[in-house]
Amino acid sequence: MTATLANRETTAYVESLLARLTLEQKVGQMIQPERMAITPDEVAEYHIGSVLSGGGSAPGANTAADWIAMNDAYWMASMRDAPNRVPIPLLYGVDAVHGHANVLGATVFPHNIGLGATRDPDLMERIAQITAREVLATGVDWTFAPTLAVAKHIYWGRTYESFSDDPHLVSSYAGALVRGLQQECGRGGVVACAKHWVGDGGTTNGRDQGNTAISEEELERTHMAPYLPALQEGVLTVMASFNSWNGVKCHGNRYLLTEVLKERLGFGGFVISDWDGVDYLSDDPAEAMAMAANAGVDMFMVSVEWKRCITHLLDHVRTGVVPMSRIDDAVRRILTVKHRYGLFDRPRPAERYWSSQDCLGAPEHREVAREAVRKSLVLLQNTNNILPLDRTARLLVAGKNADNRGHQCGGFTVAWQGTNGNEQIIGGTSIWEGIKAVAPHAQLSVDGSAANASAHDVAIVVIGERPYAEGMGDIRPAGLVAPGSSPEGRTAKLDAYGQTIELAVLHPEDLATIRAITRHGIPVVAVLVSGRPLIVDTELTETKAFVAAWLPGSEGQGVADVLFGDHAFTGVLPFAWPHITTRWPRGYGL
Ligand code: BGC
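Going along each chain's sequence as written, the residues are numbered from 1 onward. Totals for whole chains, interfaces and linings use every residue, but because this is a predicted model, local features are given only for residues with pLDDT of at least 70 and side-chain atom pairs only at 80 or more, for both listing and counting. Think of the side-chain values as coming from all heavy atoms in the structure, minus any hydrogens and water.

**What about the overall build of the protein?**
Phase 1: Only DSSP runs of H or I covering at least 4 residues are called helices, and only runs of E covering at least 2 are called strands; the numbering of each starts at the N terminus. Helix and strand counts for the protein stand at 20 helices and 17 strands.
Phase 2: At 24 Å, the protein has a C-alpha radius of gyration in line with the 25 Å of a compact globule built from 590 residues.
Phase 3: Across its three principal directions, the C-alpha atoms of the protein cover 80 × 50 × 40 Å.
Phase 4: Split into buried and exposed, the 590 residues of the protein put 65% on the buried side.
Phase 5: Contacts were defined at the residue level, with two residues in contact if any of their heavy atoms lie within 4.5 Å. Considering only contacts within the protein whose residues lie at least 6 apart along the sequence, 78% involve residues at least 24 apart.
Phase 6: The Shrake-Rupley method, run with a 1.4 Å probe, gives the accessible areas here. Residue values count only the displayed protein chains as cover. Accessible area of the protein: about 19300 Å², with a carbon and sulfur share of 51%.
Phase 7: This count recognises Lys and Arg as positive and Asp and Glu as negative, with His and chain-terminal groups excluded. Charge placement uses NZ in Lys and CZ in Arg. For Asp and Glu, CG and CD serve respectively. Averaging the positions of the 50 positive and the 66 negative side-chain charges in the protein gives two centres separated by 2 Å. Every radius of gyration here is taken over C-alpha atoms, with the globule rule written as 2.2 Å times N^0.38, N being the number of residues. Type-normalised accessible area, obtained with a 1.4 Å probe on protein chains alone, sets the label of each residue: buried when under 20%, exposed when over 50%, and partly exposed for intermediate values.

**Regarding empty space enclosed by the protein**
Phase 1: Both cavities and pockets are sets of points on a 1 Å grid over the protein atoms alone; in a cavity a 1.4 Å probe fits but cannot get out, in a pocket the set is open with protein on both sides within 12 Å along at least five of seven lines, and lining residues sit with an atom within 4 Å of a point. Grid points are joined across faces, edges and corners, and a volume is the space filled by probe spheres set on the points. A complete count under the given rule lists 8 cavities of 30 Å³ or more for this structure.
Phase 2: Taken together, 17 residues form the lining of the largest cavity, with Ala-96, Val-97, Asn-112, Ile-127 and Leu-177 sitting closest to its centre.
Phase 3: Elements that contribute at least two residues to the lining of the largest cavity include exactly helix H5 (112-118), helix H6 (121-136) and helix H7 (167-182).
Phase 4: Ten residue types, Ala, Val, Leu, Ile, Met, Phe, Trp, Tyr, Cys and Pro, are classed as nonpolar, four, Asp, Glu, Lys and Arg, as charged, and the remainder, Gly among them, as polar. Class assignment of the residues belonging to the lining of the largest cavity gives a composition of 12 nonpolar, 5 polar and no charged.
Phase 5: Put simply, the second largest cavity is a space of about 60 Å³.
Phase 6: As for the second largest cavity, its lining consists of Ser-273, Asp-276, Gly-277, Val-278, Asp-279, Met-289, Phe-300, Met-301, Val-302, Glu-305, Arg-308 and Cys-309.
Phase 7: The set of elements that each furnish at least two residues to the lining of the second largest cavity consists of strand E11 (300-302) and helix H12 (306-319).
Phase 8: For the lining of the second largest cavity, the leading source of residues is E11, giving 3 residues.

**Some words on the domain arrangement of the protein**
Phase 1: The domain boundaries here were taken from an automatic or database domain assignment. Each assigned domain of the protein is listed with its residue range as follows: domain 1 (8-356) and domain 2 (377-563).
Phase 2: Once you take the C-alpha centre of each, domain 1 and domain 2 turn out to be 33 Å apart.
Phase 3: At the junction of the two partners, domain 1 supplies 37 residues and domain 2 supplies 38 residues.
Phase 4: Note on definitions: buried area is the accessible-area loss of two parts on being combined, 1.4 Å probe, summed for both. Around 3100 Å² of area is buried between domain 1 and domain 2 when both sides are counted, 56% of it from carbon and sulfur atoms.
Phase 5: For domain 1, the biggest contributors to the area lost against domain 2 are Tyr-155, Tyr-160 and Arg-207; these three give 23% of the whole.

**Examining the pairing of strand E13 (residues 395-398)**
Phase 1: Burial along E13 is two-sided: Leu-395 and Val-397 and Leu-396 and Ala-398, pointing in opposite directions, are all buried.
Phase 2: Whether two strands pair depends on DSSP finding at least two bridges between them. As paired strands, E13 and strand E15 (residues 458-464) are joined by 4 bridges and run parallel to one another. By the bridge assignment, Leu-396 is partnered in E15 with Ala-459.
Phase 3: In this sheet, strand E14 (residues 443-444) lies alongside E13 in parallel orientation, the contact comprising 2 bridges.

**As for the environment of Ala-568**
Phase 1: Looking at where Ala-568 falls in the secondary structure, it is placed in the segment after helix H20 (557-563).
Phase 2: For the pair Ala-568 and Gly-180, spaced 388 residues apart in sequence, the C-alpha separation works out to 27 Å.

**Overview of the sheet that holds strand E3 (residues 91-94)**
Phase 1: Taken in spatial order, the 3 strands line up as E2-E3-E4 in an open sheet, and their pairing is parallel. A single partner strand is all that each edge strand has here, and the edge strands are strand E2 (50-52) and strand E4 (142-143).
Phase 2: Both E3 and E4 contribute to a ladder of 2 bridges, which runs parallel. Opposite Gly-93, over in E4, you have Trp-142 as the bridge partner.

**Focus: the side chain of Asp-95**
Phase 1: Among the structural elements, Asp-95 can be located in the loop between E3 and H5.
Phase 2: The class of Asp-95 is buried, set by a relative accessible area of 10%.
Phase 3: A 3.5 Å cut-off defines polar contacts: any pair of N or O atoms within that distance qualifies, except that in protein one atom must be a possible hydrogen donor and the other a possible acceptor, and neighbouring residues in sequence count only when both atoms are side-chain atoms. In this structure the side chain of Asp-95 is engaged in a polar contact, spanning 3.2 Å, whose partner is the side chain of Lys-195.

**Regarding the environment of Gly-105**
Phase 1: Of note, Gly-105 is situated in the loop between E3 and H5.
Phase 2: Taking C-alpha positions, Gly-105 is 4.6 Å from Ile-426, a pair spaced 321 residues apart along the chain.
Phase 3: What Gly-105 contacts, discounting residues up to four positions off in sequence, is Leu-360, Gly-361, Arg-366 and Ile-426.

**Things to note about the pattern of salt bridges**
Phase 1: Whenever Lys or Arg places a side-chain nitrogen within 4 Å of a carboxyl oxygen from Asp or Glu, that contact is recorded as a salt bridge. For the structure on display, the rule yields 40 salt bridges.
Phase 2: Residue Arg-318 is joined to Glu-24 by a salt bridge in which the shortest nitrogen-to-oxygen separation is 2.9 Å. Here Arg-318 is found in helix H12, whereas its partner Glu-24 is found in helix H2 (residues 23-29), with 294 residues between them in sequence.
Phase 3: A residue is classified by how much of its surface remains accessible, and Arg-318, at 54% relative accessible area, is exposed.
Phase 4: The salt bridge partner of Glu-470 is Arg-158, with a shortest N-O separation of 3.6 Å.

**Quick word on helix H10 (residues 254-264)**
Phase 1: When H10 is considered as a whole, its buried residues turn out to be Leu-256, Leu-257, Thr-258, Val-260, Leu-261 and Lys-262.
Phase 2: Where H10 starts, the residue carrying a side-chain oxygen 3.1 Å from the main-chain nitrogen of Tyr-255 turns out to be Asn-253.
Phase 3: Residue Gly-266 follows H10 closely and has a positive phi angle near 70°.

**Thoughts on the pairing of E15**
Phase 1: E15 sits mainly inside the fold: 7 of its 7 residues count as buried.
Phase 2: Alternating positions in E15 separate into two faces, Val-458, Ile-460, Val-462 and Gly-464 on one and Ala-459, Val-461 and Ile-463 on the other, with burial throughout.
Phase 3: In terms of strand pairing, E15 meets strand E16 (residues 524-529) through 6 bridges, oriented parallel. The residue bridging Val-461 from the neighbouring strand is Ala-526, located in E16.

**Here we look at helix H8 (residues 216-224)**
Phase 1: Inspection of H8 places Leu-219, Thr-222, His-223 and Met-224 among the buried residues, and these make up the whole buried set. In a view along the axis of H8, the buried residues occupy a sector of 155°, so they form one face of it.
Phase 2: At its buried positions, H8 is contacted by H7, strand E5 (193-197), helix H9 (227-232), strand E8 (244-245) and H10. To obtain the arc, one takes the directions from the helix axis to the C-beta atoms.

**Considering the sheet that holds E14**
Within a sheet, each strand pairs with its neighbour through backbone hydrogen bonds, oriented either parallel or antiparallel.
Phase 1: Sheet architecture is open: 6 strands sit in the order E12-E17-E16-E15-E13-E14, paired in mixed fashion. Of all strands in the sheet, those with a lone pairing partner are strand E12 (378-382) and E14, marking the two edges.
Phase 2: As paired strands, E16 and strand E17 (residues 545-550) are joined by 5 bridges and run parallel to one another. When the bridges of E17 are listed, Val-525 appears paired with Ala-545.
Phase 3: Helix-sheet contacts for helix H16 (residues 431-438) involve E13, E14, E15 and E16, and the interaxial angle to E13 is about 165°.
Phase 4: To get an axis, fit a line to the C-alpha atoms, keeping to the stretch in contact for a helix; angles then go from 0 to 180 degrees between the N-to-C directions. Strands in contact with helix H18 (residues 508-518) are E13, E15 and E16; relative to E15, the strand with the most contacts, it is inclined by about 175°.

Structure, rendered in structure tokens:
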């Protein structure tokens, strides 16, 4: 079923290494603390196998040089020689989920939902390849991507991380993404991570970290299916999911992690837990560690309490609660990934080929992101063929998302929850900047108050959501689930994004901006920036044309490319569009 990871050379290397490791060193390989919680000296002292940056966690001034210096320090610590330890290079992980978007100046690609509209697996491979380059340019070797979620409820705050609610579409991308990221473990590749195993997009009411209550047949058909091409391409890691399946948390589900993923599907890499995901298995943290390790979690992603995790695992092995064979299996998998990827052959991060490349946000990378923006736009309404626009027209550009690179990038960009404004998205163009660059008579008036029938022929109004990530993006209708009431995960204590997907209620300011313009009789072209389809019936009746732009990322110029007709609209809906009175199926697009 799956590409074999351990060839003869890797097996021999890993076995000889494993035989020389103490229990402490083995357990250390299984722990992945967050960078804020661990120093390089501690990496050496505790034999740590991996460190991560959680969303928005960045060293120094968040430049490529800062990242290289940080990785170099951790890597050097992991390679320190001492009588009680064998040097094993550290594997650093980040969320490069739409480009290496945590880093200032990186190319930010559209979020997955927009890429779903392109129906272009070849483009996915090129995007993944570029993402790998930019990750390597910072001395990092591992991205927690691709997300292969099939979001079945658009209330889910992570809907934009899902390419589509159609498992066939997600599957058609999965192999290309893994190929592009890993480059068959060649010099230009990074370690990929298919996530989140499994059923993350199927929770009841789209509740983040909730319960997916479906039959096994349905779980396989919808949520497991996209993993098959990823495994076929030899994806090196898989992340366990926060959600439960029929009441059992995936992190403690031996059947799903070990019997299905590793045994039946033949996955030879390692399973990483999600962020403190093990903690939700039991109120007793020691018991939680045992449940996860025995279920098949090989590496533990831990925000702060990593020393406690080490203590618990060591105790469990000494008392036989977690068998030594399970530890050996986990470490064998981790070392296999490190060896297959070529980590043992790579020099220190500061001296690596790609680290010295000034390729973060390179023009040729941004060009591909711009192409992706163009191809992701879906034209939903075009009364009297008002589009394409004449670039010499007297244009009014309005809306809160018109000149906001932060908003158009969405969550998982510089900060976990994304950013507001242009300042922190270095390089690229806002949608307004893209229009301004080609339309000499365009004028910006964010709230539309400058609208004037004798001065403006037509208006472009850029509306929609502000950035969010994970549970903070959930829509939780009142009465369905009280906001912040769930004990199911860390985001539970945080408020949801809103109570409805009806834009006129969720963001009434958008309709106000549109009406400030239409009351002068100026026709409006609406561009919706959002992480999911929204009910826009009212906005549709107020506007002539309507474009779904999803979360386009840093290259807003791509929107102008299509609005002015330099390129045709080719995107089609990756999700069915919800409605009060109007509806378009998945695949729709003018
Ligand atoms: C998310 C993962 C992410 C991890 C590390 C978690 O909260 O669920 O998708 O990879 O954080 O940032």
